[in-house]
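Structural overview for review
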Amino acid sequence: MRTQVAIIGAGPAGLLLGQLLHRKGIDAIIVEQRSPDYVLSRIRAGVLEQGAVGLLEEAGVGARMHKEGLIHDGTELTFDGRRHRIDFKRLVGQTVMVYGQTEVTRDLMDARTACGAKTIYNAENVTLVDYASDTPKVTYQQDGVTHEITCDFIAGCDGFHGVSRKSVPNSAISLFERVYPFGWLGILSDTPPVSDELIYANHQRGFALCSMRSLTRSRYYIQCGMDTQIEDWSDDRFWDELRLRLPPETAEQLVTGPSIEKSIAPLRSFVAEPMRFGNLFLAGDAAHIVPPTGAKGLNLAAGDVHYLSTAFEEFYTGKSRAGIDGYSQKALTRVWLAERFSWWMTSILHNFPDNGDFGQRIQEAELDYLFSSNAAMTSLAENYVGLPY
Ligand code: APR
Ligand code: PHB
């Protein structure tokens, strides 16, 4: 098989890249190790920046998002029994779109099927061959048969645990990492959200987040210790703990019901540099991870894919290598800005076991400043709605 761009991974990054390239008349094959159902079973954050919304429109999958997605003009933060609203629209004139990542993935998969582009699911032993040469190849096995794809470029969109980044020798890559000493225990329930907007809660018992997927489906999280066992958390125990971390009048309004999903996510900040190795380009979680505070994961992947699809377009139609040569630097600049914001949101909202009294007071001062300064609120709003590409 021959294609122009071989994309490893059919998560949001790989699928969005595939659709944008298709629209630009560039041929791509996606190779994914799992089944479509498995890919769709992953539940992740659901807040889209305007840039990501624009890219989904450009990819031709904006219709359902605009019909079913919820536009949020702001978000709330609670601390010390106080509820404080950050008004994105007033502060920076922009909004965010609440639309689940599972739905984004489904829309992209459907669009890919509709345009007849090739995705190979259930591919085993995916291997990158000669990625530094002018004739890179991707091999994989299916039903005991080995297949080979010859291409011009490989896009490694295969997530944190994927094969692309691991194919690069240690000496060619620098890794930057921070692992946080807690996780998020999350549940999804078919209950109306407790509030019209998201609520990020700083509480001495630990962080909590009230989010949503729609007007009838809620997503809630509580900060938990690394040793937390999901079996120990009945729905009732979860709801009781969540109520304790919210201001009393909010807790009273919480509508509870049976969970339809419950899981624990670790929190990590991670960046791999550079993001290009010869004709291999990393994008999305394959190159970087953010803690979920601020919901930047998918948005950051969308930014990479924007730079990468533009670079390939410049190469094929503009006959210029400038975009390709500048990709890593350009993407990493934006990545580090989102890493900073996600780390900062995490650090002001969570209970850190080894913060000490000084760290505790600094966190309180951060929140006092945020609640009282227009400049501080504007900074949060500007980053939350998404920095420009
Ligand atoms: N070969 C082929 N595919 C692979 C391999 C492999 N060796 N390893 C992993 N994959 C696939 C995974 O099965 C998954 O479908 O690559 C895909 C990577 O998808 P994500 O992990 O979702 O990564 P990405 O698309 O970069 O996601 C960007 O969306 O899912 C969130 O947390 C993620 O918020 C981030 C954003
Ligand atoms: C979510 O809805 O899952 C979500 C929303 C906002 C975040 C993180 C997760 O910051």
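See above for the structure.
Each value, and the rule that gives it
- Residues numbered from 1 in each chain as written.
- Chains lettered and ligands numbered in written order.
- Predicted model: local features only at pLDDT ≥ 70, side-chain atom pairs only at ≥ 80, totals over all residues.
- Heavy atoms only, no water.
- Helix = DSSP H or I, 4+ residues; strand = E, 2+ residues; numbered from the N terminus.
- Rg over C-alpha atoms; globule rule 2.2 N^0.38 Å.
- Buried < 20%, exposed > 50% of the residue type's maximum accessible area, 1.4 Å probe, protein only.
- Contact = heavy atoms within 4.5 Å.
- Near = heavy atom within 4 Å.
- Polar contact = N/O pair within 3.5 Å; in protein donor to acceptor, adjacent residues only side chain to side chain.
- Areas by Shrake-Rupley, 256 points an atom, 1.4 Å probe, with all protein chains shown as cover.
- Nonpolar A, V, L, I, M, F, W, Y, C, P; charged D, E, K, R; others polar.
- Domains from an automatic or database assignment.
- Pairing = 2+ DSSP bridges.
- Axes fitted to C-alpha atoms, helices over the stretch in contact; angles between N-to-C directions.
- Phe/Tyr/Trp six-rings, centres within 6.5 Å; stacked < 30°, edge-to-face > 60°.
- Lys NZ or Arg CZ within 6 Å of the ring centre and 35° of its normal.
- Left-handed = near helix turned anticlockwise from the far one by under 90°.

Time to look at the overall build of the chain. Helix and strand counts for the chain come out as 12 helices and 20 strands. Over its C-alpha atoms the chain spans a radius of gyration of 21 Å, differing by no more than 12% from the 21 Å that the globule rule assigns to 389 residues. With the principal axes as the frame, the chain shows a C-alpha extent of 60 × 40 × 40 Å. In the chain, which comprises 389 residues, the share counted as buried stands at 55%. Long-range contacts, defined here as pairs at least 24 residues apart, represent 72% of the contacts in the chain between residues at least 6 apart.

Ligand 1 sits among 24 residues. The nearest are Glu32, Arg42, Arg44, Gln101 and Asp285. Between Glu32 and ligand 1, the recorded distance is 2.6 Å, taken from a side-chain N or O atom to an oxygen atom. Computed on the free molecule, ligand 1 has an accessible area of 700 Å², of which 91% lies beneath the protein chains in the complex. Of all the secondary structure elements, the ones that give two or more residues to the shell around ligand 1 are helix H1 (12-23) and helix H9 (297-316). Among the elements that make up the shell around ligand 1, the one with the highest residue count is H9 (three residues).

Further remarks concern the site of ligand 2. Near ligand 2, the surroundings consist of 15 residues, among which Tyr200, Ser211, Arg213, Tyr221 and Gly294 are the closest. Between ligand 2 and the protein, one listed contact pairs an oxygen atom with a side-chain N or O atom of Tyr221 at 2.6 Å. Between ligand 2 and Ala295 there is a distance of 3.2 Å, counted from an oxygen atom to a backbone nitrogen or oxygen. For ligand 2, whose accessible area on its own is 280 Å², the fraction buried by protein is 100%. Only strand E15 (208-212) and strand E16 (218-224) provide two or more residues apiece to the shell around ligand 2. In the shell around ligand 2, the residues fall into nine nonpolar, four polar and two charged. Looking at which domains feed residues into the shell around ligand 2, each of domain 1 (5-72 + 97-177 + 268-346) and domain 2 (180-267 + 351-385) gives three or more.

Following the sequence through the fold, Trp344 ends up in helix H10 (residues 322-349). The exposure class of Trp344 is buried, given its relative accessible area of 15%. Along the primary structure Trp344 and Gly100 are separated by 244 residues, whereas in three dimensions their C-alpha atoms are 24 Å apart. Setting aside chain neighbours within four positions, we find Trp344 in contact with Glu366, Leu370 and Leu380.

Here the focus is the sheet that holds strand E17 (residues 259-273). If you walk across this open sheet you meet the eight strands as E6-E5-E14-E15-E16-E13-E17-E20, and the pairing is mixed. The open sheet has two edge strands with one neighbour each: strand E6 (82-87) and strand E20 (288-289). Note that strand E13 (residues 174-189) and E17 share 13 bridges and pair antiparallel. In the strand pairing of E17, Ser174 is matched with Glu273. On top of the sheet, H10 reaches E13, strand E14 (199-202), E17 and E20; it is set at about 130 degrees to E17, its chief contact.

Tallied over the entire structure, the rule returns 20 aromatic pairs. Between the aromatic rings of Phe315 and Tyr316, the centroid separation amounts to 5.0 Å while the plane-to-plane angle is 85 degrees, which identifies the pairing as edge-to-face. With a relative accessible area of 24%, Phe315 lands in the partly exposed category. Each residue in the set Phe88, Trp184, Tyr200, Phe207, Tyr221 and Tyr384 is aromatic and connected to the rest through ring pairs, giving one cluster. One Lys or Arg, Arg34, reaches over the ring of Tyr38 and ends 4.1 Å from the middle of that ring.

You can see Asp87 is positioned in strand E6. Of note is the side chain of Asp87, whose polar atom sits 3.2 Å from the side chain of Arg85. Among residues more than four places away in sequence, those in contact with Asp87 are Asp73 and Gly74.

A word on the pairing of E17. Note on strand geometry: in a regular strand, side chains alternate between the two faces of the sheet. Summarising the sheet, E17 and E20 pair through two bridges and their orientation is antiparallel. Bridging across to E20, Val271 finds its partner in His288.

Okay, the side chain of Asp107 next. As for its placement among the helices and strands, Asp107 is situated in helix H6 (residues 101-114). Given a relative accessible area of 10%, Asp107 falls into the buried group. At 2.9 Å, the side chain of Asp107 forms a polar contact with the side chain of Arg64. Of note is the side chain of Asp107, whose polar atom sits 2.6 Å from the side chain of Tyr99.

Turning to unusual backbone geometry, a few remarks are in order. Look at the link from Glu273 to Pro274: it is a cis peptide, with omega at -5 degrees. Inspection of the secondary structure assignment puts Pro274 in the loop between E17 and strand E18 (276-277). Backbone geometry at Asn125 places phi at a positive 50 degrees, although glycine is not the residue there. Among the structural elements, Asn125 can be located in strand E9 (residues 124-129).

Right, let's talk about the packing of H1 against H9 for a bit. For any two helices packed against each other, one specifies the crossing angle of their axes together with the interaxial distance. Between H1 and H9, whose axes approach to 9 Å, the crossing angle comes to 30 degrees. Where H1 crosses over H9, the handedness of that crossing is right-handed. Taking contact as the criterion, the partners of Pro12, Ala13, Leu16, Leu17, Leu20 and Leu21 in H1 are, on H9, Leu298, Ala301, Ala302, Val305, Leu308, Ser309 and Phe312. Partitioned by chemical class, the residues of the contact of H1 with H9 number 12 nonpolar, one polar and no charged.

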